[in-house]
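If you want the building blocks of each chain, they are given just below.
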Amino acid sequence: EFTFAVVASIATEDLLLQVGERGHEIASHSLYHVKHKGLPFKTQLTYIKRSLELLQEKGATVRGFRAPYNSYDLNTFRCLDRLGFSYDAGVRREEHFQGLSKPFHLIVDGVESKFVSFPVCHLSDELLDQFSEKTLLKSFIRQIDRVPSDGLSVLQLHPIRIGQPFYLGFLEGLIDYLAGHGYSTPALTEVAEGKAKMPAVCLSGDIDCLSFSDYLKRI
């Protein structure tokens, strides 16, 4: 199963329906694809809350969040607690979170967060722009093999790139390796609720544009 973090302002009912019908999960990628770090609390709260409302109005069940550009600050975490999210899947890419292999709680205003954060792998399919499929697949496999028997990792694989025909070999090779080596591939909510089999490698991807004009709005 994939967990897709979707920018709510570009989401369509048809997109969300297709994702759900194939057994995948929808998470919030906020309302717009903008960096949240440094934005006032009220602005972030408006963006994240409205993203939830729009995604739910269009038929999605949303339990998780990933900030655009993996850009967070304390106000972002305050919003996630305020809005009752079960998990966040992005903050782990910061250097001081490297090496973790289990969901963890952050400390927000001196109190343990209500939501869990996930150990997102520092590798990304964006590296396909620099390396061959074979070379990058070996790097992913080396990282996956470090996951302990009771642990997990979360991979970021962007549909706009990984879904291209000339990259499908990489995706198929990765999925075949996971299936052949005893890794489960649960949705992130399943892990957050303690229902996933370990070791696990969670596949996630951000959907932040459906057209070239959408792309221009995100940069």
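This report concerns the structure included in the present document.

Calculation criteria
Residues numbered from 1 in each chain as written. Predicted model: local features only at pLDDT ≥ 70, side-chain atom pairs only at ≥ 80, totals over all residues. Heavy atoms only, no water. Helix = DSSP H or I, 4+ residues; strand = E, 2+ residues; numbered from the N terminus. Rg over C-alpha atoms; globule rule 2.2 N^0.38 Å. Buried < 20%, exposed > 50% of the residue type's maximum accessible area, 1.4 Å probe, protein only. Areas by Shrake-Rupley, 256 points an atom, 1.4 Å probe, with all protein chains shown as cover. Lys, Arg positive; Asp, Glu negative; His and termini not counted. Charge placed at Lys NZ, Arg CZ, Asp CG, Glu CD. Patch = residues over 30% accessible without salt bridge, like charges linked within 9 Å, V, L, I, M, F, W, Y side chains within 5 Å. Salt bridge = Lys/Arg side-chain N within 4 Å of Asp/Glu carboxyl O. Pairing = 2+ DSSP bridges. Contact = heavy atoms within 4.5 Å. Axes fitted to C-alpha atoms, helices over the stretch in contact; angles between N-to-C directions. Right-handed = clockwise from strand over helix to strand, strands pointing away. Parallel < 35°, antiparallel > 145°, perpendicular 65-115°, else oblique. Left-handed = near helix turned anticlockwise from the far one by under 90°. Nonpolar A, V, L, I, M, F, W, Y, C, P; charged D, E, K, R; others polar.

1. Re the overall build of the protein chain
Across its full length, the protein chain carries eight helices and ten strands. The globule rule puts the C-alpha radius of gyration for 219 residues at 17 Å, and the 17 Å found for the protein chain is close to it. In terms of its C-alpha atoms, the protein chain occupies a principal-axis envelope of roughly 45 × 40 × 30 Å. Among the 219 residues that make up the protein chain, the fraction classed as buried is 52%. Accessible surface computed for the protein chain: about 10600 Å², of which carbon and sulfur atoms make up 53%. With 24 positive and 27 negative side-chain charges, the protein chain shows a spacing of 4 Å between the two charge centroids.

2. A look at a positive patch on the surface
A contiguous patch of positive charge on the surface is contributed by Lys-134, Lys-138, Arg-142 and Arg-146. When you line up the elements, Lys-138 lands in helix H4 (residues 133-144).

3. So, the sheet that holds strand S3 (residues 62-65)
Read across the sheet, eight strands follow the order S7-S4-S3-S2-S1-S10-S9-S8 without closing on themselves; strand pairing throughout is parallel. Of all the strands in the sheet, just strand S7 (116-117) and strand S8 (120-124) have a single pairing partner and so form its edges. Looking at chain direction, strand S1 (residues 2-6) and strand S2 (residues 25-28) are connected through four bridges and run parallel. Bridged to Phe-4 within S2 is Ile-26. Against the sheet, helix H1 (residues 13-21) touches S1, S2 and strand S10 (200-207), its axis set at about 130 degrees to S2.

4. Section: the pairing of S8
It is a general feature of regular strands that their side chains alternate between the two faces of the sheet. With four of five residues buried, S8 is to be regarded as a mostly interior element. The sheet contact formed by S8 and strand S9 (residues 152-156) spans two bridges and is parallel. Directly across from Ser-124, in S9, lies its bridge partner Gln-156. For the handedness criterion, the β-α-β arrangement of S8, H4 and S9 is classed as right-handed.

5. Digging into the packing of H4 against helix H6 (residues 168-180)
Each packed pair of helices is defined by two parameters, the angle between the axes and the distance between the axes. Interaxial distance between H4 and H6 falls to 10 Å at its minimum, and their mutual angle equals 25 degrees. The orientation of H4 with respect to H6, classified from their angle, is roughly parallel. Every pair of crossing elements has a handedness; the one defined by H4 and H6 is right-handed. Along the contact surface, H4 presents Glu-133, Leu-136, Leu-137, Phe-140, Ile-141 and Ile-144, while H6 presents Gly-169, Phe-170, Gly-173, Leu-174, Tyr-177 and Leu-178. Across the contact of H4 with H6, the residue classes tally to nine nonpolar, two polar and one charged.

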